[in-house]
Amino acid sequence: MSEMPEMIDVAVVGAGVSGIYALKKLRDAGFNTIAIESAPEIGGTWWFNSYPGIRVDIESIEFSYSFDPQLQQDWTWSRRYAPGEEVLRYLKYVVDRYALAARIRLSTRVDVAAFNERDSVWELQLSDGTMLRARHVVFATGLHTSAVLKPTIKGLDRFTGDVLESARWPKKGYDTTALKVGVIGTGATGVQLITALAPSLGDDLWVFQRTAHYVVPAHNQLLSPEYVAHVKAHYDQWRKAEQEHMGGFVSVDLQIDRGPTVSALDVSAEERHKEFERRWNSGGLSFYSSYPDLVTDPKANALLGEFLRAKIREQVAGYEKGELLVPRDFLPLTRRLVVEDGYYQSYTEHGANLVDIRDAQQFEVVAEGILVDGTLYELDTIILATGFESVTGPLTRFEIRGRGGITLQRYWGDRPRTLLGYMVHDFPNAFIVNALGCPGAFTQAFLLSEMQVDWITDLLSYARDRGYRCIEPSEAAQEAWTEHVADTIDGTLFPRTNSWYLAANAGGKPKPVLHLGGYPLYKRFCIEERERGYPSFAFDGEYSTAPPALYSISAAG
Ligand code: NA7
């Protein structure tokens with residue numbers, strides 16, 4: 001890479017989906033920008049997670065950048081749901097296409113990011129021993145991958161075989177032939193891994209399940225040239241529909257679908273069944289865009305639960321442990337649906353062994369394998385697919401120091417807060433993309449990242465045009481926004497479940513970290529803030545005359 005300038009305009013931390021776009025957008029807007037990435041290659045989540053079976057759970061024609069219409073025409077996805085290595089190839093193609101590589105510093109971690117109050121500058125201590133000074137910093141550190149959760153499993157360090165972490169899969173690959181393999185974790189990652197390994201491992205695969213998840217089919221398939229041509233001819237319509245959609249993805253039956261707007265309880269049982277069948281047959285996460293009250297009304301949710309459990313029972317009929325695979329511990333949709341074809345056949349056809357550890361008195365690792373209630377399962381390899389300290393973890397696992405040296409972790413404590421998901425009071429000139437305080441995880445990542453990065457770029461341009469050096473959100477507006485985010489969650493069923501959506505999978509209570517009011521509402525608040533001249537932000541310590549914004553769900557209109 002070219003010689004590092006002593007002081008740059010913007011340092012982007014992370015070169016995944018949002019970091020790559022931030023680098024491009026800010027560079028094109030004339031900001032001297034550099035991205036710093038801890039991995040030896042770009043890609044973020046899609047570089048680190050190279051375990052067998054990894055793929056996207058939102059259809060690839062949607063799960064991609066929209067900022068350049070020509071890019072959409074020039075890139076062709078092979079399958080409805082692309083495997084991880086194809087997403088990585090796509091991201092590398094984007095980096096090459098827009099000549100970004102020279103501005104990405106790979107194999108470099110940010111160990112400490114500290115705000116220098118005197119100069120209004122961020123000082124980043126990098127793992128190579130150098131320091132980078134930047135007026136602004138954009139944390140594009142993702143929702144999960146940099147914060148792998150170390151599970152507390154007794155005896156894990158006693159095991160004499162290999163212990164692999166799904167999110168740190170060996171880059172040279174890992175041959176499981178003739179090995180006895182145990183998988184712990186049956187969320188999206190575990191299900192993808194198990195489905196990929198079961199056909200070759202058969203009854204040499206052992207799955208230690210604590211919680212059965214709702215697994216819906218993907219109906220993954222090669223994309224026909226006709227379908228691809230049709231989408232490319234109408235891409236602007238797809239992108240427009242995504243912008244107006246709660247989660248930013250609209251495909252049902254390979255077509256744009258806006259979903260019902262009525263209550264699941266206001267339609268006949270027959271009509272409801274037809275709607276659920278249509279989504280099941282289409283596959284994927286589209287249940288999230290079905291009746292809006294599925295995530296707010298326990299009765300509506302229960303109807304979906306019945307439907308999904310019946311579908312799972314059909315698939316495991318005749319399998320003696322089938323009932324263990326039927327979810328019973330949480331309401332459907334309050335944890336992310338798992339999208340996979342053929343998961344249940346891992347047990348019913350390929351002979352994978354299911355070990356229920358939900359109520360086990362003993363679950364511990366010993367030198368030879370795993371002991372569950374006195375039974376020893378001898379293993380050569382244990383794979384941990386046990387999740388992440390999602391949403392906040394990627395921002396609190398390294399030192400980010402704001403005014404007075406306070407760390408972000410300490411500042412947040414049990415109540416993480418932001419203004420509009422972008423900034424934190426006492427941490428001036430620092431921005432966050434696609435993490436908390438916004439509909440991250442509930443909105444298609446490319447779309448949300450593009451919208452947020454565009455918004456940040458506008459704000460930085462506004463400040464540059466006026467000669468401001470320091471941007472900081474008002475504490476009052478941050479409080480109002482945090483309350484609003486909590487309000488969007490309160491009316492839903494999500495707090496009934498301990499999930500990573502609310503940063504509660506690693507213990508602790510659900511926290512109001514994600515905005516559940518839908519992407520269009522969130523975007524509207526962002527646009528309003530910009531159009532009103534950023535009343536909630538101080539520039540060089542001064543607020544504009546307008547009062548700080550107030551946020552209300554009723555603005556959904
Ligand atoms: P998840 O969805 O957090 O799933 C983690 C799984 O690991 C889940 O089944 C957990 O069981 C299980 N787990 C975690 N700790 C333990 C211990 N100590 N013992 C046994 N089992 C354990 O992570 P994923 O990586 O699958 O998916 C994260 C997101 O990435 C996904 O939603 C996609 O958006 C991409 P539990 O349910 O807590 O009982």
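Heads up: these notes are all about the structure in this document. (Residues numbered from 1 in each chain as written. Predicted model: local features only at pLDDT ≥ 70, side-chain atom pairs only at ≥ 80, totals over all residues. Heavy atoms only, no water.)

## Considerations on the overall build of the protein chain
Alright, step 1. For the protein chain, the helix and strand inventory stands at 15 helices and 22 strands.
Alright, step 2. Radius of gyration (C-alpha) of the protein chain: 24 Å, near the 24 Å computed for a compact globule of 557 residues.
Alright, step 3. Principal-axis analysis of the C-alpha atoms gives the protein chain an extent of 70 × 60 × 45 Å.
Alright, step 4. Taking all 557 residues of the protein chain together, the buried fraction comes to 58%.
Alright, step 5. Taking contacts inside the protein chain between residues at least 6 apart in sequence as the whole, the part at least 24 apart equals 72%. (Helix = DSSP H or I, 4+ residues; strand = E, 2+ residues; numbered from the N terminus. Rg over C-alpha atoms; globule rule 2.2 N^0.38 Å. Buried < 20%, exposed > 50% of the residue type's maximum accessible area, 1.4 Å probe, protein only. Contact = heavy atoms within 4.5 Å.)

## Regarding the pattern of salt bridges
Alright, step 1. Within the structure shown, the criterion is met by 36 salt bridges.
Alright, step 2. Here R158 and E364 are joined by a salt bridge, their closest N and O atoms 3.3 Å apart. Within this pair, whereas R158 is found in the loop between β6 (131-139) and β7 (162-165), its partner E364 is found in strand β15 (residues 363-366), the two being separated by 206 residues in sequence.
Alright, step 3. Overall, the relative accessible area of 40% leaves R158 in the partly exposed class.
Alright, step 4. A salt bridge links R239 to E242; the nearest nitrogen and oxygen atoms lie 3.0 Å apart. Of this pair, R239 and E242 both sit in helix α7 (residues 235-243), 3 residues apart, roughly one helical turn. In terms of burial, R239 and E242 fall into one category: buried.
Alright, step 5. Members of the salt-bridge network, linked through shared partners, are D253, D257, E275, R278 and R279. (Salt bridge = Lys/Arg side-chain N within 4 Å of Asp/Glu carboxyl O.)

## Observations regarding the side chain of R135
Alright, step 1. Take R135: it is sitting in strand β6.
Alright, step 2. Here R135 sits buried without a salt bridge, and the closest side chain of opposite charge, D9, lies 6.5 Å off (N-O distance).
Alright, step 3. Other than its neighbours up to four places away in sequence, R135 contacts M7, I8, D9, D119, S120, V121, W122, N429 and R469. (Lys, Arg positive; Asp, Glu negative; His and termini not counted.)

## Details of empty space enclosed by the protein
Alright, step 1. The final tally for this structure, using the stated rule, is 7 cavities of 30 Å³ or more.
Alright, step 2. One number sums up the size of the largest cavity: a volume of about 120 Å³.
Alright, step 3. If you go around the largest cavity, you meet 15 residues; those closest to its centre are Q72, W75, W77, K232 and Y235.
Alright, step 4. Within the residue set of the lining of the largest cavity, elements represented by two or more residues are α3 (69-74), α6 (225-233) and α7.
Alright, step 5. The biggest single contributor to the lining of the largest cavity is α6, with 3 residues.
Alright, step 6. For the lining of the largest cavity, the residue count by class is 10 nonpolar, 3 polar and 2 charged.
Alright, step 7. Volume-wise, the second largest cavity comes out at about 60 Å³. (1 Å grid on protein atoms, 1.4 Å probe; cavity = no way out; pocket = protein on both sides within 12 Å on 5 of 7 lines; lining within 4 Å. Points joined across faces, edges and corners; volume = space filled by probe spheres on them. Nonpolar A, V, L, I, M, F, W, Y, C, P; charged D, E, K, R; others polar.)

## Overview of α6
Alright, step 1. All of the buried residues along α6 are Y227, V228, V231 and K232. Axial view of α6: buried residues confined to an arc of 135°, hence all on one face. α6 presents P225, E226 and A233 as exposed residues on the side facing more than 90 degrees away from its buried surface. (Arc of directions from axis to C-beta.)

## Brief notes about the sheet that holds strand β8 (residues 181-184)
Alright, step 1. Spatially, the 5 strands line up as an open sheet ordered β7-β18-β8-β9-β14, and their pairing is parallel. In the strand order of this sheet, the two ends are held by β7 and β14 (353-356), each with one partner. With direction set aside, neighbouring strand axes in the sheet form an average angle of 20°.
Alright, step 2. One ladder, built from 4 bridges, connects β7 with strand β18 (residues 381-384); its direction is parallel. Bridging from a neighbouring strand, D162 pairs with T381 of β18. (Pairing = 2+ DSSP bridges. Axes fitted to C-alpha atoms, helices over the stretch in contact; angles between N-to-C directions.)

Keep in mind these values describe shape, not function.
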